[in-house]
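Given next are the chains, with one letter for each unit.
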Amino acid sequence: MDNRKLIVFSAPSGSGKTTIVKHLLEHTNLPLEFSISATSRAPRGEEIENKDYYFLNTEVFKSKIENDEFLEYEEVYINNFYGTLKSEVERIWNKGKAVIFDIDVVGGLNIEKQFPEETLSIFVQPPNKKELEKRLRGRGTETEEKIQMRLAKSTKELTYASEFDAIITNDNLEIAKQEAFQLISKFLKK
Ligand code: 5GP
């Protein structure tokens, strides 16, 4: 089995993709490791440095862009940069594991374009917009302005779903987790 593979999970925030990715990493024996993204935004809630993200200030983030250290990066929200460092993918591949990404739709498709053979891209779709809004509010970690910003972004993101290799609709979390597990098991056996 060649594990120099990439598994991209993208979705509007609030769709449940992070929960599914966590499940795959913590409760299955799939040979996967999470790609820790770099971001210039501040830590939120219980987030841990070097585990959830590499938190960099904007200046450092921009210097890494200049040095061509990113596989992909984006200014996802104004002044909030997010990106995947090339060194992160190498770090995980060197351990003989496949890389699993929890990233923005545009970033996910960007990775697939660069590594078409090595990538499985999965789009996690919320059952509907009302549910998405409810989930975003339920987190209780963000201001109304931020919630509105995420909702506006999600409307656009939903239009990209068909460009992914697979779509999982998350109306039942247990079923969504199983679907993700099956898709990845099959892909890693190739
Ligand atoms: P959050 O602030 O909720 O952690 O993330 C905001 C958005 O940035 C999410 O859609 C998340 O998937 C995306 N994101 C996280 N890491 C990366 C990355 O490395 N590259 C890109 N392009 N987007 C990312």
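For the structure itself, consult the block above.
Just so it is clear, the structure is predicted and the values come from calculations on it, not from any experiment. Per-chain numbering applies: the sequence of each chain, read as written, is numbered from 1 onward. Side-chain atom pairs in this predicted model are given and counted only at pLDDT of 80 or more, local residue features only at pLDDT of at least 70, and totals for whole chains, interfaces and linings cover all residues. Side-chain figures throughout are based on the complete set of non-hydrogen atoms in the structure, without hydrogens or water.

Asker: Would you mind going over the overall build of the protein in detail, with residue names and values included?
Answerer: Numbering of helices and strands runs from the N terminus; a helix is a DSSP stretch of H or I covering at least four residues, while a strand is a stretch of E covering at least two. A tally of regular secondary structure across the protein gives seven helices and nine strands. In summary, the protein has a C-alpha radius of gyration of 16 Å against a globular reference of 16 Å for 190 residues, a match within 12%. When its C-alpha atoms are laid out on the principal axes, the protein stretches across 45 × 40 × 30 Å. Think of it in three bands: with a 1.4 Å probe and only protein chains considered, a residue is buried below 20% of the maximum accessible area for its type, exposed above 50%, and partly exposed in between. Within the protein, buried positions represent 48% of all 190 residues. Contacts are assigned to residue pairs that have any heavy atoms within 4.5 Å of one another. In the protein, once contacts between residues fewer than 6 apart in sequence are set aside, the share between residues at least 24 apart is 67%. Taken as a whole, the protein presents about 10,000 Å² of accessible surface, with 50% of it coming from carbon and sulfur. Side chains of the protein carry 28 positive and 32 negative charges; the gap between the two charge centres is 3 Å. Using C-alpha atoms as the atom set, the radius of gyration is obtained and then compared with a globule rule of 2.2 Å times the number of residues to the power 0.38. All accessibility values rest on the Shrake-Rupley procedure with a 1.4 Å probe; residue burial counts only the protein chains present in the view. Counted charges follow a simple rule, with Lys and Arg positive, Asp and Glu negative, and His plus the chain ends left uncounted. By convention, the charge on Lys lies at NZ, on Arg at CZ, on Asp at CG and on Glu at CD.

Asker: Give a detailed account of the pattern of salt bridges, specifying residues and quantitative values.
Answerer: Put simply, a salt bridge is a Lys or Arg side-chain nitrogen that is within 4 Å of an Asp or Glu carboxyl oxygen. Per the counting criterion, the structure on display carries 15 salt bridges. The partner of Lys95 in a salt bridge is Glu33, with the nearest N and O atoms 3.0 Å apart. One end of the pair, Lys95, is in the loop between helix 3 (86–93) and strand 7 (98–102); the other, Glu33, is in strand 2 (residues 32–34), with 62 residues separating them in the sequence. For Lys95, a relative accessible area of 49% corresponds to the partly exposed category. Measuring nitrogen to oxygen at the nearest pair gives 3.4 Å for the salt bridge that ties Glu69 to Lys64. What makes Glu69 partly exposed here is its relative accessible area of 28%.

Asker: Hey, could you go over the site of the ligand for me, with residue numbers and the actual values?
Answerer: Near residues are defined by distance, with any heavy atom within 4 Å of the molecule or strand qualifying the residue. Near the ligand there are 18 residues, and of these Ser37, Arg41, Tyr53, Glu72 and Tyr82 occur at the shortest range. Polar contact is the term for a pair of N or O atoms within 3.5 Å; when the atoms are in protein, one must be able to donate a hydrogen and the other to accept it, and sequence-neighboring residues count only if both atoms are side-chain atoms. Ser37 is positioned such that a nitrogen or oxygen atom in its side chain is 2.7 Å from an oxygen atom of the ligand. Taking Arg44, its side chain carries an N or O atom lying 3.3 Å from an oxygen atom of the ligand. Where the shell around the ligand is concerned, the elements lending two or more residues are strand 5 (70–77), strand 6 (80–85) and helix 6 (144–158). Broken down by element, the residue count for the shell around the ligand peaks at four residues, all from strand 5.

Asker: Lay out the environment of Glu75 in plain terms, naming residues and giving numbers.
Answerer: Along the chain, the position of Glu75 falls in strand 5. Taking the relative accessible area as the measure of exposure, Glu75 reaches 42% and is therefore partly exposed. Residues Glu75 and Thr39, 36 residues apart in the sequence, show an inter-C-alpha distance of 9.4 Å. With residues near it in sequence (within four places) discarded, Glu75 still touches Asn80 and Phe81. A distance of 2.8 Å separates a polar side-chain atom of Glu75 from the backbone nitrogen of Asn79.

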